[in-house]
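Coordinate inspection notes
Listed below, chain by chain, are the residues.
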Amino acid sequence: MMTRDDDEKSQSSQSSIVPNISATLNAKVVALESDQTDPHRISKLYDTMADTFLQNGLNLDAVASQSLYYNGAMPLEYTAFPTPLPDAAVRLCLIFFEKVHQELAEKVERASLEIASVLPDTYDMHLTKRSHYHITIFMTSQPHALRPDPFDPSHYELDMSTVQDVSCMRPHESVLEREIQTMKDIVAQHKSPVFRVHRIVLADSGTLLLCLVEISPHSSVFHMRKAFRKAFPGSPPKQSTIYHASLGRIVTPEQLSEEKRREIHDMCEAWTRQLQGHEFTVDELFHVREVQFTTVEGPSVSLPLQTSL
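This section reports on the structure supplied with the text.

Cut-offs used in this document
Residues numbered from 1 in each chain as written. Predicted model: local features only at pLDDT ≥ 70, side-chain atom pairs only at ≥ 80, totals over all residues. Heavy atoms only, no water. Salt bridge = Lys/Arg side-chain N within 4 Å of Asp/Glu carboxyl O. Helix = DSSP H or I, 4+ residues; strand = E, 2+ residues; numbered from the N terminus. Buried < 20%, exposed > 50% of the residue type's maximum accessible area, 1.4 Å probe, protein only. Contact = heavy atoms within 4.5 Å. Core = buried A, V, L, I, M, F, W, Y, C linked by side-chain atoms within 4.5 Å. Pairing = 2+ DSSP bridges.

All chains considered together, the criterion is met by 12 salt bridges. Arg289 serves as the salt-bridge partner of Glu173, at 3.7 Å between the closest nitrogen and oxygen. Of this pair, Glu173 sits in helix H7 (residues 173-188) while Arg289 is found in strand E11 (residues 284-290), placing the two residues 116 residues apart along the sequence. What emerges from the salt-bridge pattern is a single network uniting Asp47, Arg199 and Glu269.

Structure below.
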């Protein structure tokens, strides 16, 4: 069963302040710094992800862990957590994919719908709205690693299990203003990144991904991420190290048959042949205060890059 971000309001049935999704985090692919600036090497990493799913199927622990942020196939709004998260608890810097290349986003949407359609009827899968397709650059606060002040180095390894009053995780308005201005200043110092589509893949975590490589000679995103880490020493330790847009997530922790895995893999390969090689240039990033898990729904502020000022 598939649902969309705007199909219905989510309700929570969980029992802790922040669900434990360590299995999902551990399943995330981490690229070495040397891979992040080498299109060929990071492409091989994406290909390995495809092979892993075909050979081993879903990582059921990761899918089950991720499903804690969902009610059926709908992602939870942060106010619907058993202990509601405060306003602006989750914040990130990103690229809105559809704003950059609408035609490509439409093709990617068709691919995600077709791939999702071959899942067994008993499986729940949430599909991301096309307008919410995004490439995460950096997160100053994550739903499982809340950071009310990413400038404070003591917050770097904050253990959420020790937090008794989640209301203290709400950032002060002055911190938010400083965070946005800091991001604006950093982004404005970097040139527009150029991306090329490499493939579409269903990762073993159950996440359908559009995988990209940065082909800018200046490796703009790589250097922006390093600058953000330096500017926000108290931000969450685990950050994205690849370049991707999440198109959907399976949230049913049941293994797919070998035959079904092959069908999904082959469909991803067919769409990869259609999408691979498409390029686009980005001239604007956004700071977003996310209100619903993974949807990047929420207030946003434009962060122009150097070449768009």
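So, on to the environment of Ser220. Summarising the element assignment, Ser220 is placed in helix H8 (residues 220-231). Since its relative accessible area comes to 2%, Ser220 is described here as buried. With 35 residues separating them along the chain, Ser220 and Asp185 place their C-alpha atoms 14 Å apart. If sequence neighbours within four positions are ignored, Ser220 has contacts with His190, Lys191, Pro193 and Glu214.

The next point concerns the nonpolar core. Counting 65 residues, the largest nonpolar core has Phe195, Leu210, Phe228, Ile264 and Leu285 as the members making the most contacts within it. Filtering out sequence-adjacent residues up to four positions away, Leu285 remains in contact with Cys93, Leu94, Ile95, Ile137, Val187, Met224, Val301, Ser302, Leu303 and Leu305. The next biggest cluster of nonpolar side chains, apart from the first, holds 24 residues, and it includes Tyr69, Tyr70, Leu76 and Val296.

Along strand E8 (residues 207-214), eight of the eight residues are buried, which leaves the element largely enclosed by surrounding structure. Residues Thr207, Leu209, Cys211 and Val213 line one face of E8 and the alternating positions Leu208, Leu210, Leu212 and Glu214 line the opposite face, and both faces are buried. Where strand E7 (residues 194-202) folds back on E8, the antiparallel hairpin that results is connected by four residues, among which Gly206 adopts a positive phi of roughly 95°. Pairing of E8 with strand E9 (residues 243-250) involves six bridges; the strand directions are antiparallel. Bridge assignment links Leu208 to a residue of E9, and that residue is Gly248.

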